[in-house]
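# Chains, contacts and geometry: an overview
Each chain, written out:
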Amino acid sequence: YDLVLMDIQMPVLDGLKATQEIRGSGHTAARSVPIVAMTAHALTGDRERCFEAGMDGYLTKPIRKGELLELLRSLRRAVGSI
């Protein structure tokens, strides 16, 4: 995959735990693919928790086209593969 859009609030395994498992896996590609948090509930500290879990970006729902495009541009500059 070139990019993962990770919902934060999922049943059983939330996006933070899923990201930690992906980042902790033994697969080089899984550790390097950009992961962007997506959440409808933007609470104080959520953004920081997402980055601490290993995510590379953060978007709130509803997704705004301009914000998504700017995030993709910044990830492309940082990673070079998107």
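Every chain is numbered independently, its residues counted from 1 as its sequence is written. Local features in a predicted model are, by the rule used here, given only for residues with pLDDT of at least 70; side-chain atom pairs are given and counted only at 80 or more, and totals for whole chains, interfaces and linings are based on all residues. Processing note: side-chain calculations cover all non-hydrogen atoms of the structure and skip hydrogens and water entirely.

Attention now goes to the environment of tyrosine 1. Inspection of the secondary structure puts tyrosine 1 in the segment before β1 (4-7). For tyrosine 1 and phenylalanine 51, which are 50 residues apart along the polypeptide, the C-alpha to C-alpha distance reads 20 Å. The numbering of helices and of strands both runs from the N terminus, where a helix is a DSSP run of H or I of at least 4 residues and a strand a run of E of at least 2.

Take the sheet that holds strand β2 (residues 35-39) next. We treat two strands as partners when DSSP finds at least two bridges between them. Taken in spatial order, the three strands line up as β1-β2-β3 in an open sheet, and their pairing is parallel. Only two strands of the sheet have a single partner each, and these edge strands are β1 and β3 (57-60). Neighbour to neighbour, the strand axes of the sheet diverge by 30 degrees on average, direction disregarded. Here four bridges tie β2 to β3, and the two strands are oriented parallel to one another. Bridge pairing links threonine 39 to threonine 60 in β3. Contacts were defined at the residue level, with two residues in contact if any of their heavy atoms lie within 4.5 Å. All axes are obtained by fitting lines to C-alpha atoms, using only the stretch in contact for helices, and the reported angles, taken between N-to-C directions, cover 0 to 180 degrees. With respect to the sheet, helix α1 (residues 15-24) is in contact with β1 and β2, its orientation differing from that of β1 by roughly 140 degrees.

Another point: the pairing of β1. Look at any regular strand and the pattern is simple: side chains alternate between the two faces of the sheet. Residue alternation in β1 divides its side chains into a buried set, Val4 and Met6, and an unburied set, Leu5 and Asp7. Bridge count for β1 against β2 is four bridges, and the pairing is parallel. What sits directly across from aspartate 7, in β2, is methionine 38. We call a residue buried when its accessible area falls under 20% of the maximum for its residue type, exposed when it is over 50%, and partly exposed in between, using a 1.4 Å probe and counting protein chains only.

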